[in-house]
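Here is what each chain is made of, one letter per residue.
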Amino acid sequence: MSHQANDSADRADLADGVDGATVVGVGNGVVGRRGFLRLGGLSVALAAVVAACNKNTEEGRLGRIGLAPTTTKLPDAPVTDVALLRTSASLQRSLLSVYNKVKDDPELLDPTYKPLVTRFIADAEAAAKVFDDATTGDGGVPWTCGNSKFDSVLINPSYQRITVGAPATPEAKAIVPSDDKKRDILTLVHGMESIIGASYQQFVTLLSKPALRATTLAVGVGNARHAALLALMINTARPDGYVSTDEQSAAEISTDTTPASGPTTTGQNLGATTTTAATKGGGSAPTPLVAPSAIPATFGSTAILQIIVGAGDENGTRLKVSLQTPSLNSFEYEYLNPSC
Amino acid sequence: MEIEVSPAESAGPAESQREPAGRDRPNVARRRLLGVGLGGAAATLLPVIARRAAATTPPTSSNPAGSNGTVDTRSATTTAAPASTAPATTTTAPPKRPTNADVPLLKFAQDIELAAYQLYQIGLAAKLNDVQHTIIQVFSQSHLAYGQALSGLLGRLADNKVDQALLDSQTAAFSGDTATLLAAAGTLESTLVATHVSLIGKLIGTDAAYLLASIVTVEARHGTVLASLRGATALADLLVDKEAAALTPAGG
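Residues numbered from 1 in each chain as written. Chains lettered and ligands numbered in written order. Predicted model: local features only at pLDDT ≥ 70, side-chain atom pairs only at ≥ 80, totals over all residues. Heavy atoms only, no water.

> If you had to explain the overall build of chain B to someone new, which residues and values would you point to?
Looking only at helices and strands, chain B has seven helices and one strand in total. If you list the helices and strands of chain B from N to C, you get β-α-α-α-α-α-α-α. When burial is assessed residue by residue, chain B has 41% of its 252 residues classed as buried. Taking all contacts inside chain B whose residues are at least 6 apart in sequence as the whole, residues at least 24 apart take part in 75%. For chain B, the accessible surface area stands at approximately 13000 Å², while carbon and sulfur atoms represent 56% of it. (Helix = DSSP H or I, 4+ residues; strand = E, 2+ residues; numbered from the N terminus. Buried < 20%, exposed > 50% of the residue type's maximum accessible area, 1.4 Å probe, protein only. Contact = heavy atoms within 4.5 Å. Areas by Shrake-Rupley, 256 points an atom, 1.4 Å probe, with all protein chains shown as cover.)

Okay, here's the thing in structure tokens:
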């Protein structure tokens, strides 16, 4: 910056006492550093005001100054009939993958049940084709793989826990494979058949065309019957294997002759002990298993279905898996491409 | 070290020591010229600043694998090349409540459920063992519950009558021996499944479709239980391969 001496006495005074100080005048038409700083600050402030006062809020954007890094817009993912039909097919293929893995393995499936599994495989393949044809008929591309979310979150971890167990971690010891692999495989496929039937029941409200609802539910009827038969195989107690004890209680007719009276109920003893005494001799008892019923409830449920599989860990806790009907994070949207 | 002093900040010379006014004019003129120039530059840059202030980033869609590549299907947020740039199709959601056209279909569904309840009540008089008696009783109450649920959906439009044709055609079988009763019950459940699936294919309102769907999936299980109860072992019987024909409401 050029130095221009100023013959103002006051200006010279400012330099007094500061060794080596050079006064740069601004009164002679040249913008000094302070002026440039002011101009720069004014520009930045002006830009910020413009950014704030622009119509960004209306358009749902943040105001920015300067270049911003590029972002990738997420694809539109509407839940269309095609997406639901692809999801329906994916569920059948997830089921097929389990059946195909176990059908020839006597360690996982009692050979006497092989004809049953062979029949279930045929039914699942036929069902998948029904959905593939419906997808094509509705202008979509069929989904030819298992359901991505179900496989990764529910089925594979369950299968792994049954067949291999779990490796040791810094916090927990290793878990051995299931103490009864055949029992747990039946439990897993029973859960899958049940939740698939429930899924198709739920899709009835999501599909826009009545004809597609009927087609989907007709397949769901088959899965419901599969689940009922598997329940009868798992739970050989009668009548509990047929209908749940809750259903049995609800169906009991009261002998009360008073008209319009309902069945009497047993008062609940709130003071009763609800804790389970620890077993003697150390070690924890494994998580008790819940035996299914062919008719679990009066109306078909779309609620979470919990299955319990695998050997207990060091605390005796088995793996509890909550099976749910598909939702937004497990639909096979139209923009997705299958890869299997 | 430089000390910058501006005319506004400096003490300035005393008035008596100021140069004559005429001698300030060139400095003022230059200052004004400079200010105008800077102002013009700012005005020129203002639109540019505004554009950059307004824009986030232009939306881009990228598929790291290329336009024809596969994408990771394990994430629902995976990006992929959009199929087209056409605007999204808007659809009208179907109504929830039953429409006028749904009402006669739902009345028919209720009538046959109440007929099924009556038939099971007749069947309870048969010589049944404890397990059979429990099952027939549970199924009887279930069909009553279905009729009541349909009544709730229809509200004042429900007529709460029994389908006389179905009742009349099946009374003899349900009054028969245990084997005949169980076989007739299995056929009845299959008939109801086929009928309700057919009705779902006609209903417009989704509430009604959902109710019937929740009934159908259980009635389907009834068929498997009844087959097992009567001692069937063939998968074709247990899985009810031969579905009965659907009933149709009178007049359509």
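> I'd love a proper account of the overall build of chain A, names of residues and values included.
Looking only at helices and strands, chain A features eight helices and three strands. Its helices and strands taken in sequence order, chain A reads α-β-α-α-α-α-α-α-α-β-β from the N to the C terminus. Across the 340 residues in chain A, those meeting the buried criterion constitute 42%. Long-range pairs, those at least 24 residues apart, make up 71% of the contacts in chain A with a sequence separation of at least 6. When the accessible surface of chain A is split by element, carbon and sulfur atoms take 56% of a total near 17500 Å².

> Can you tell me about the state of the cysteines, naming the residues and giving the values?
Disulfides are covalent bonds that connect the sulfur atoms of two cysteines. All names here are of chain A. One pass over the structure, following the stated rule, counts one disulfide over all chains. Here Cys-145 engages in a disulfide with Cys-340; their sulfurs sit 1.9 Å apart. Across the S-S bond of Cys-145 and Cys-340 the torsion is about -85°, and the bridge reads as left-handed. Of this pair, Cys-145 sits in the loop between helix H4 (114-137) and helix H5 (148-163) while Cys-340 sits in the segment after strand E3 (319-323), placing them 195 residues apart in sequence. Note on Cys-340: relative accessible area 78%, which makes it exposed. (Disulfide = S-S within 2.5 Å.)

> How would you explain the packing of aromatic side chains if you had to name every residue and give the values?
In the structure shown here, the tally under the stated rule is nine aromatic pairs over all chains. For the ring pair Tyr-200 of chain A and Phe-203 of chain A, a centre distance of 6.4 Å and an interplane angle of 55° mean the geometry is tilted. Remark: Phe-203 of chain A and Tyr-200 of chain A occur in helix H6 (residues 181-206); sequence separation between them is three residues, near one turn of the helix. Each member of the pair, Tyr-200 of chain A as well as Phe-203 of chain A, carries the same accessibility label: buried. Considering the side-chain rings of Tyr-120 of chain B and Phe-174 of chain B, the 5.6 Å spacing of their centres and the 80° angle between planes classify their relative orientation as edge-to-face. One end of the pair, Tyr-120 of chain B, is in helix H2 (residues 102-123); the other, Phe-174 of chain B, is in helix H4 (residues 164-174), and 54 residues separate them in sequence. Both residues of the pair, Tyr-120 of chain B and Phe-174 of chain B, count as buried. Taken together, Phe-131, Tyr-200, Phe-203, Phe-331, Tyr-333 and Tyr-335 of chain A form an aromatic cluster joined through their ring pairs. One residue, Lys-101 of chain A, lies across the ring of Tyr-159 of chain A, its end atom 4.4 Å from the ring centre. (Phe/Tyr/Trp six-rings, centres within 6.5 Å; stacked < 30°, edge-to-face > 60°. Lys NZ or Arg CZ within 6 Å of the ring centre and 35° of its normal.)

> So, the side chain of Thr-178 of chain B: which residues are in play, and what are the values?
Inspection of the secondary structure assignment puts Thr-178 of chain B in helix H5 (residues 178-200). Ignoring anything within four residues of it in the chain, the contact list for Thr-178 of chain B reads Lys-127, Leu-128 and Gln-132 of chain B.

> Tell me what's going on with unusual backbone geometry, and back it up with residues and numbers.
Put simply, Arg-238 of chain A and Pro-239 of chain A share a cis peptide bond, and its omega is 5°. Following the sequence through the fold, Pro-239 of chain A ends up in the loop between helix H7 (210-234) and helix H8 (245-251). Look at Asn-160 of chain B: it is not a glycine, yet its phi comes out positive at around 50°. With respect to the helices and strands, the residue Asn-160 of chain B is situated in the loop between helix H3 (130-154) and H4. In this structure Asn-160 of chain B comes out as partly exposed when scored by relative accessible area, which is 46%. A positive phi angle, near 50°, is found at Val-240 of chain B, a position not held by glycine.

> Tell me about the side chain of Ser-199 of chain A, and please be specific about residues and values.
Within the secondary structure, Ser-199 of chain A sits in helix H6. Apart from the residues within four sequence positions on either side, Ser-199 of chain A is in contact with Leu-91, Thr-325 and Pro-326 of chain A.

> Tell me what's going on with the nonpolar core, and back it up with residues and numbers.
Counting 61 residues, the largest nonpolar core has Tyr-120, Phe-139, Phe-174, Leu-188 and Leu-212 of chain B as the members making the most contacts within it. Sorting the residues of this core by element identifies H7 of chain A together with H2, H3, H4, H5 and helix H6 (206-229) of chain B as the ones contributing at least two each. It is H6 of chain B that provides the largest number of residues to this core, a total of twelve residues. Judged by nonpolar contacts, the second largest core, of 53 residues, contains Leu-109, Tyr-200, Val-219 and Leu-229 of chain A. (Core = buried A, V, L, I, M, F, W, Y, C linked by side-chain atoms within 4.5 Å.)

> Which residues make up the pattern of salt bridges, and what are the values?
In total, this model carries 16 salt bridges over all chains according to the counting rule given. Between Lys-103 of chain A and Asp-104 of chain A there is a salt bridge, with its nearest N and O atoms 3.8 Å apart. Across the pair Lys-161 of chain B and Asp-159 of chain B runs a salt bridge whose closest N-O atoms are separated by 3.7 Å. Exposure remark for Lys-161 of chain B: the relative accessible area of 44% places this residue in the partly exposed category. Exposure remark for Asp-159 of chain B: the relative accessible area of 29% places this residue in the partly exposed category. Shared partners join several salt bridges into a network, and the residues in it are Asp-179, Arg-183, Asp-184 and Arg-318 of chain A. (Salt bridge = Lys/Arg side-chain N within 4 Å of Asp/Glu carboxyl O.)

> Mind laying out the confidence of the model for chain B, listing which residues take part and the relevant values?
Fine structural detail should not be taken from predicted coordinates in areas where pLDDT scores are low. Residues and elements named next belong to chain B. When pLDDT is averaged across chain B, the result is 79; 63% of the residues are at 70 or more. This stretch, residues 1-5, has a pLDDT under 50; its non-local contacts, to residues over four places away or in other chains, come to 31 contacts. In the model, residues 7-13 has pLDDT below 50 throughout and makes 14 contacts with residues more than four positions away in sequence or in other chains. Across the interfaces of the predicted complex, the ipTM metric reaches 0.74, alongside a pTM of 0.72. (pLDDT = per-residue confidence, 0-100.)

> I'd like a description of H6 of chain A, backed by residues and values.
The end-to-end C-alpha distance of H6 of chain A, which contains 26 residues, comes to 37 Å, matching closely the 38 Å that a straight helix rising 1.5 Å per residue would cover. Of all 26 residues in H6 of chain A, 21 are buried, a share of seventy percent or more. (Expected span 1.5 Å × (residues − 1).)

> Mind laying out H2 of chain B, listing which residues take part and the relevant values?
Helix length check: H2 of chain B (22 residues) gives 32 Å between terminal C-alpha atoms against 32 Å at 1.5 Å per residue, within 8%. Within H2 of chain B, 16 of the 22 residues are buried, which leaves it mostly tucked inside the rest of the structure.

> I'd like to hear about the confidence of the model for chain A, residue by residue, with values.
Residue and element names in this part refer to chain A. Per-residue pLDDT for chain A averages 84, and the proportion of residues at 70 or more is 78%. Low pLDDT, under 50, characterises residues 20-26; the predicted model gives this stretch 30 contacts beyond four residues in sequence or across chains. Counted against residues more than four places away or in other chains, residues 276-281, with its pLDDT under 50, gives one contact.

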